[in-house]
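# Structural overview
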Amino acid sequence: MRQETKCIEAGYTPKNGESRMIPIVQSTTFKYDTSADMAKLFELEAEGYFYTRLQNPTNDYVAAKIAALEGGTAAMMTSSGQAASFFSVFNIATQGDHVVASASIYGGTFNLFNVTMRRMGIDFTFVDPDCSDEELEAAFKPNTKAVFGETIANPSLKVFDIERFAKKAHEHGVPLIVDNTFATPINCRPFEWGADIVIHSTTKYMDGHDATVGGVIVDSGKFDWMAHAEKFPGLCTPDESYHGITYAEKFGKEKAYITKATAQLMRDLGSIPSPMNCYMLNLGLESLAVRVARHCENAQKVAEFLQANENVNYVTYPGLKGNKYYDLAQKYLPNGSCGVISFGVKGGRAAAEEFMKNLKLAIIATHVADAHTCVLHPASSTHAQLTDEELVECGVKPDMIRLSVGIENVDDIMEDIAQALSKASK
Ligand SMILES: *Cc1c(COP(=O)(O)O)cnc(C)c1O
């Protein structure tokens, strides 16, 4: 099946007389005829369901669809993108371990790593994704357990050189984890470039309708844990909290990582999505290919329109010729990057504020990547307490607008921006 078909068909095939849509199994628990039947599930000797904190059929149908879209062997749904980021790393790194991460990642992920996971005793080295090979090499330590990056960084829109980072990670015997939220598997499949684990905030394009917060972790099934057994004792030695199972032995390369994440992390930390939310996410996934293509088509037109507008200082969009990441985008994202653009309004902070006030269609929101066009002016909202000098220091220009282009008619989007820009320049 091709991607457009997988969006509709993958993950769930109804048998004769069964519901065409995935059933919503809104049940915490599952009934068995004998204790012996249930014991097999507890021992991971049989596949099945006993308690929704560990697994639920509705969630698993959606996980299977996303695994198919990414070309992976197994996947686990989480209650948010944050939970997916956390579990993806914590599944293989613990107290005393170290992770190399791109410095250009979502702010929430940066805080999770740099503050919360440091408190748990996990060390991080952040590298500029455009750093030299020497700088990248120098970031690794004997206790490094993973490398982490974002296909298209939110909000800097830097394109991550997946192949280069995967090669370096593998030289050091560790997997590359890629947050593929902005690109989606429609525009980029990181496994084809050597990534080992992919995560998503499904809250963005996958849901696509502002309806549900969620996340997912997908395993490529290619990383050979046993070949680096000394680095990954959690996967390669018996889990005493799980009847002495050795995940990498019992479940192989294809299933070990996700089985451990489910049986151990989900069991203990419990960040499952509700089956109802997974059902709604599945509705979004059915139209993902169509929507993402439209987001990219609209964003390309809007970016070109902004570039030609006299009231705009600069435009950042990887699909624009002349953008620093244009060549990387052509390599990894030949069919389009995403719907998010950033640009500067001539006249600085005050003019940007005026621009925001005059928008009629585009809504002001911190959210990105869904059907509605939305805008954020960090200097007058999320970063309003900072002076112009402080803003520049943290990489946010006072005149900078982040625009998430929706799937409305693009002429309506451009007309709205044009009228607000002309008022801002007065
Ligand atoms: C939003 C986002 C997250 C966090 O996801 P939530 O679903 O909000 O928890 C992680 N990574 C990226 C790239 C995001 O845009």
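### Observations concerning the overall build of the chain
The helix and strand inventory of the chain stands at 16 helices and 12 strands. Relative to the globule expectation of 22 Å for 426 residues, the C-alpha radius of gyration of the chain, 22 Å, shows essentially globular dimensions. Each of the 426 residues in the chain was classed as buried or not, and the buried ones make up 53%. Once local pairs closer than 6 in sequence are excluded, the contacts in the chain between residues at least 24 apart make up 72%. Surface summary for the chain: the accessible area is close to 17800 Å², and the carbon and sulfur share equals 52%.

### Thoughts on the confidence of the model for the chain
Model confidence for the chain is summarised by a mean pLDDT of 96, while 100% of its residues fall at 70 or above. The spread of mean pLDDT over the elements of the chain runs between helix α15 (residues 388–393), the lowest at 80, and strand β7 (residues 215–219), the highest at 99.

### Remarks on the site of the ligand
Within the structure, the ligand sits among 14 residues, and Asn154, Asp179, Ser201, Thr203 and Lys204 are positioned closest to it. One of the backbone nitrogen or oxygen atoms of Gly81 is found 2.9 Å away from an oxygen atom of the ligand. The side chain of Asn154 places a nitrogen or oxygen atom 2.9 Å from an oxygen atom of the ligand. Here the ligand has 380 Å² of accessible area as a free molecule, and 92% of this is covered by the chains. In terms of residue class, the shell around the ligand is built from three nonpolar, eight polar and three charged.

### Focus: the domain arrangement of the chain
Domains assigned within the chain are domain 1 (3–282) and domain 2 (288–424). With 31 residues of domain 1 at the contact, the number on the domain 2 side is 30 residues. Both faces considered, domain 1 and domain 2 share a buried interface measuring about 2700 Å² in area, 65% of it formed by carbon and sulfur atoms. Three residues, Leu157, Asn187 and Tyr205, lead the burial of domain 1 against domain 2; their summed loss comes to 28% of the area buried on that side.

### What to know about the pairing of strand β12 (residues 400–404)
Remember that side chains alternate between the two faces of the sheet whenever the strand is regular. Within β12, five of the five residues are buried, which leaves it mostly tucked inside the rest of the structure. Neither face of β12 is open: one carries Met400, Arg402 and Ser404, the other Ile401 and Leu403, and all of them are buried. Sheet topology places strand β11 (residues 374–376) next to β12; three bridges connect them, and they run antiparallel. From the neighbouring strand, Val375 faces β12, where its bridge partner is Leu403.

### Some words on the nonpolar core
Among soluble globular proteins, nonpolar side chains are generally buried collectively. Ile66, Val89, Phe113, Leu176, Ile217 and Trp225 are the most contacted members of the largest nonpolar core, which totals 97 residues. Among the elements that take part in this core, helix α10 (residues 247–269) stands out by supplying nine residues, more than any other. Both domains that furnish three or more residues to this core are identified here as domain 1 (3–282) and domain 2 (288–424).

### Remarks on the sheet that holds strand β9 (residues 340–345)
Taken together, five strands build an open sheet; the order of strands is β8-β9-β12-β11-β10 and the sheet is mixed. Pairing within the sheet leaves two strands with one partner each, and these edge strands are β8 (312–316) and β10 (363–364). Of the pairings in the sheet, the one linking β9 to β12 comprises five bridges and is antiparallel in character. In the strand pairing of β12, Phe343 is matched with Ile401. Sheet strands touched by helix α12 (residues 288–307): β8, β9 and β12. Its angle to β9, the strand with the most contacts, is close to 15°. Sitting on the sheet, helix α14 (residues 348–358) is in contact with β9, β10, β11 and β12, with an inclination near 125° to β9.

### Observations concerning the environment of Lys31
Assignment of secondary structure puts Lys31 in the loop between α1 (3–9) and α2 (35–42). The exposure class of Lys31 is exposed, given its relative accessible area of 68%. The spatial distance from the C-alpha of Lys31 to the C-alpha of Phe50 is 7.4 Å, given a sequence separation of 19 residues. Side-chain polar atoms of Lys31 contact the side chain of Asp33, separated by 2.8 Å.

### Here's the deal with unusual backbone geometry
Here Asn154 and Pro155 are connected by a cis peptide whose omega angle stands at 5°. Positionally, Pro155 belongs in the loop between β4 (144–150) and α7 (162–171). Within the chain, Thr184 stands out as a residue other than glycine whose phi angle is a positive 60°. The topology assignment puts Thr184 in helix α8 (residues 184–187). Owing to a relative accessible area of 1%, Thr184 belongs among the buried residues under this scheme. Positive phi values are uncommon outside glycine, yet Ala369 reaches one of about 70°. With respect to the helices, strands and loops of the structure, Ala369 is situated in the loop between β10 and β11. Of the residues examined, Ala369 reaches a relative accessible area of 0% and is grouped as buried.

### Quick look at the environment of Glu47
Turning to its location among the elements, Glu47 is positioned in the loop between α2 and α3 (57–70). Sequence separation of Glu47 and Asn111 is 64 residues, and the distance between their C-alpha atoms is 36 Å.

### Some thoughts on the side chain of Thr144
One can find Thr144 in strand β4. A residue is classified by how much of its surface remains accessible, and Thr144, at 1% relative accessible area, is buried. A polar atom in the side chain of Thr144 sits 2.7 Å from the side chain of His98. At a separation of 2.7 Å, a polar atom in the side chain of Thr144 contacts the main-chain amide nitrogen of Lys141. Once residues within four sequence positions are removed from consideration, Thr144 is found in contact with His98, Val100, Val174 and Lys231.

Here is what the cut-offs are and how they apply
- Residues numbered from 1 in each chain as written.
- Predicted model: local features only at pLDDT ≥ 70, side-chain atom pairs only at ≥ 80, totals over all residues.
- Heavy atoms only, no water.
- Helix = DSSP H or I, 4+ residues; strand = E, 2+ residues; numbered from the N terminus.
- Rg over C-alpha atoms; globule rule 2.2 N^0.38 Å.
- Buried < 20%, exposed > 50% of the residue type's maximum accessible area, 1.4 Å probe, protein only.
- Contact = heavy atoms within 4.5 Å.
- Areas by Shrake-Rupley, 256 points an atom, 1.4 Å probe, with all protein chains shown as cover.
- pLDDT = per-residue confidence, 0-100.
- Near = heavy atom within 4 Å.
- Polar contact = N/O pair within 3.5 Å; in protein donor to acceptor, adjacent residues only side chain to side chain.
- Nonpolar A, V, L, I, M, F, W, Y, C, P; charged D, E, K, R; others polar.
- Domains from an automatic or database assignment.
- Buried area = accessible area lost by both parts, 1.4 Å probe.
- Pairing = 2+ DSSP bridges.
- Core = buried A, V, L, I, M, F, W, Y, C linked by side-chain atoms within 4.5 Å.
- Axes fitted to C-alpha atoms, helices over the stretch in contact; angles between N-to-C directions.

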